[in-house]
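# An overview of the molecular structure
Spelled out, the chains give:
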Amino acid sequence: MLPGFRVTLGFTLFYLTLIVLIPLAGMVLYSFSMDWADFWRTVSEPRIVSAYKISFGLSFIAALLNVVFGLIVTWVLVRYDFPGKKILDALVDLPFAMPTAVSGIALAGLYAQNGLIGQFFAEYGIKIAFTPLGITIALVFIGLPFVVRTVQPVLEDMEHELEEAAATLGATRWQTFRLIILPTITPSLLTGFAMAFARALGEYGSVIFIAGNMPFVSEIVPLVIIIKLEQYDYQGATAIAVVMLAASFLMLFVINWLQKWARQRQES
Amino acid sequence: MSASLQKQTVTEPLWMKSLLILIAVGFMTLLVILPVWMIFAEALKDGLTPYLHALSEPDAISALKLTLLVSAIAVPLNLVFGIAASWAIAKFEFRGKHLLITLIDLPFSVSPVISGLIYVLLFGTHSVLGNWLIANGISILFAVPGIVLATIFVTFPFVARELIPLMQEQGSDEEEAAVMLGASGWQTFWRVTLPNIKWGLLYGVLLCNARAMGEFGAVSVVSGHIRGLTNTIPLHVEVLYNEYNFLAAFAVASLLTVLALVTLVLKTIIERRFSRD
């Protein structure tokens, strides 16, 4: 038996309780000091409801886009060789390593009407920055590493034999992809989707600069919490935060379940 | 499996390959490469002199000092925690282990804004603790301790989640042998465990540090935005940007971008070392 069990577990529990559990529980307890009618009135205000729709809707679209483009990026990184591949692979983690505020101002500058990319769209009358489209771009940026880094190891571990067998038996490449490759990577794709979606729901820094932050149009839930705080409406901020926390816990549960499924799939 | 067979049967036609590579590179260019390029291009738009001037402003320097101070406290604490947690979880069996791992990961799934809010509620005027602290002249909120706490919260899982799977995979045979031969717990850790986990540990610390220096949402909620006092670098970027002082905003942002790029380069090197070991 190795030494140090009591002291390391004791410190772990102490630190976890002090830093994470007490503050989180404190917020939930504080929300109980509101009566139910007040709580409900706050979290169902039309402006807040439209923020939920924007946050959940755009996070969903962004996570979907991440699955499509993330799969293409992963595929290219795992299966093909081309110059600059190693750099591209390293850059996938950049959204994770970059401070969100820095990504936020860079994306806002690029996709503004007079920005390097935004100007081409502006010619056709498409505004990106300061619209829901801009929010979606920031959320795709922030979610990209989650899909790529979940799917990549699974695709790398895939045996080529099955694909060869399928090809020998006369399957087209598309049939092989749809019937053999896709089912193998589906659990990891879904896990990546759920992780990107969960991250996008709570994202603040990279979104607010490009969002425009117009109530009922481009106002996300984390920003609404900040606005309530700035108005010293702590109860309102807490009520909305508790709703979002519940959504995060639900996502955490879903992700855990998906990961378990993915592991079982890979083992069998 | 021969390479030629693989080429014939399990790959796409050249046009398809080229198209997919083009989409992937184009997507990464629009979303990741151009933003990085943009930060340096805007920061150095008028040359080196205004760039250096923006970086040497007193507010920028005090933001830099605060950011360094905050990560110098938060990262070592989370490092010690990460080692303790992974030792307990990887080397021993106990009930509730799975729950403990989930709880350690919890700060990752909480929105940064909420990570700040929980400390505002705990130390603000609406809690007993907050009122007691204020009555005794101890300021946590809108001061450095609050920023440190919020940073510890958001970077809480980084080291632990790198080390736990790594140490679980390595098992504890080597450590048990060392203890049997008479080594103390500390000696076992320093001489046996640490050399085995050093790359994973370094990797976790790197990510933890990058996030600690770059955290925006949580710190923004607890800081109070007092210029020259409670502004970290990311908050200072926001202030400059909102004042339409774009050159200075991008100049200060370029510091954090360099940090992110250095982190990625080191990460790539570490991963190569990892696979070699």
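We now turn to the structure provided with this report. By convention here, each chain's residues receive numbers from 1 onward along its written sequence. Each chain is given a letter, starting from A, and each ligand a number, starting from 1, according to the order in which they appear as written. Given that the model is predicted, a residue must reach a pLDDT of at least 70 before its local features are reported, and side-chain atom pairs must reach 80 or more before they are shown or counted; all residues, however, enter totals for whole chains, interfaces and linings. The side-chain numbers reported here are obtained from all heavy atoms of the structure, hydrogens and water having been left aside.

## With respect to the interface of chain B and chain A
In this analysis, two residues are considered to be in contact whenever any of their non-hydrogen atoms come within 4.5 Å of each other. Listed as interface residues are 86 residues of chain B and, on the opposing side, 81 residues of chain A. In this description, buried area is defined as the sum, over both parts, of the accessible area (probe of 1.4 Å) that is lost when the two are combined. Of the roughly 7500 Å² buried between chain B and chain A, counting both surfaces, carbon and sulfur atoms make up 83%. Of all residues in chain B, Phe27(B), Leu31(B) and Phe92(B) give up the largest surface area on contact with chain A, accounting jointly for 8% of the area buried on that side. Whenever a carboxyl oxygen of Asp or Glu lies within 4 Å of a side-chain nitrogen of Lys or Arg, that contact is scored as a salt bridge. Our count for the chain B to chain A interface comes out at 2 salt bridges. In this structure, the salt-bridge partner of Arg173(A) is Glu12(B), at a minimum N-O distance of 2.6 Å. In the analysis that follows, any N or O atom pair within 3.5 Å is treated as a polar contact, provided that within protein one partner can donate a hydrogen and the other can accept it, and provided that, for residues neighboring in sequence, both atoms belong to side chains. Put simply, chain B and chain A have 11 residue pairs in polar contact (both at pLDDT 80 or more) between them. Here the nonpolar group is Ala, Val, Leu, Ile, Met, Phe, Trp, Tyr, Cys and Pro; Asp, Glu, Lys and Arg are the charged ones; every other residue, Gly included, is treated as polar. Partitioned by chemical class, the residues of the side of chain B that touches chain A number 64 nonpolar, 14 polar and 8 charged.

## What to know about the environment of Phe96(A)
Helix and strand assignments follow DSSP, with helices taken as H or I runs no shorter than four residues and strands as E runs no shorter than two, numbered in order from the N terminus. Along the chain, Phe96(A) falls in helix H5 (residues 94–97). Sequence separation between Phe96(A) and Leu24(A) is 72 residues; the distance between their C-alpha atoms is 24 Å. Beyond its immediate stretch of four places on either side in the chain, Phe96(A) contacts Pro145(A), Phe146(A), Arg199(A), Phe158(B) and Leu207(B).

## Some remarks on a nonpolar patch on the surface
Grouping into patches uses exposed residues only, defined as over 30% relative accessible area, and leaves out salt-bridged ones; the cut-off is 9 Å for like charges and 5 Å for nonpolar side chains (Val, Leu, Ile, Met, Phe, Trp, Tyr). Only the protein chains shown count as cover for residues, and all accessible areas are computed by the Shrake-Rupley method using a 1.4 Å probe. Together, Phe120(A), Phe121(A), Tyr124(A), Ile126(A) and Leu133(A) make up a nonpolar patch on the protein surface, roughly 540 Å² of accessible area in all. Looking at where Phe120(A) falls in the secondary structure, it is placed in helix H7 (residues 118–123).

## Things to note about the side chain of Glu219(A)
Residue and element names in this part refer to chain A. Its place among the elements puts Glu219 in the loop between helix H11 (205–211) and helix H12 (221–230). A relative accessible area of 2% means that Glu219 is categorised as buried. A distance of 2.7 Å separates a polar atom in the side chain of Glu219 from a polar atom in the side chain of Arg47. Apart from the residues lying within four places of it in its own chain, the contact partners of Glu219 are Arg47, Ala51, Ile54, Asn213, Met214, Val224 and Ile227. With a 1.4 Å probe rolled over the protein chains alone, any residue whose accessible area is under 20% of its type maximum counts as buried; one over 50% counts as exposed, and the rest are partly exposed.

## Describing the packing of helix H9 (residues 160–168) of chain A against helix H10 (residues 173–202) of chain A
Residues and elements named next belong to chain A. For every element, the axis is a line fit to its C-alpha atoms; helices are fit only across the contacting stretch, and the angle between N-to-C directions ranges from 0 to 180 degrees. At a minimum axis distance of 10 Å, the contact between H9 and H10 shows a crossing angle of 135°. The angle between the axes of H9 and H10 places the two elements in the oblique class. In this structure, H9 crosses over H10, and the sense of that crossing is right-handed. In this structure, H9 contributes Leu162, Glu163 and Ala166 to the contact, and H10 contributes Arg173, Thr176, Ile180 and Ile181. Per-class residue counts for the contact of H9 with H10 are 4 nonpolar, 1 polar and 2 charged. In this scheme, roughly parallel covers angles under 35 degrees and roughly antiparallel covers those over 145, while 65 to 115 is roughly perpendicular and the rest are oblique. Note on convention: the crossing is left-handed when the near helix lies turned anticlockwise from the far helix by less than a right angle, right-handed when the turn is clockwise.

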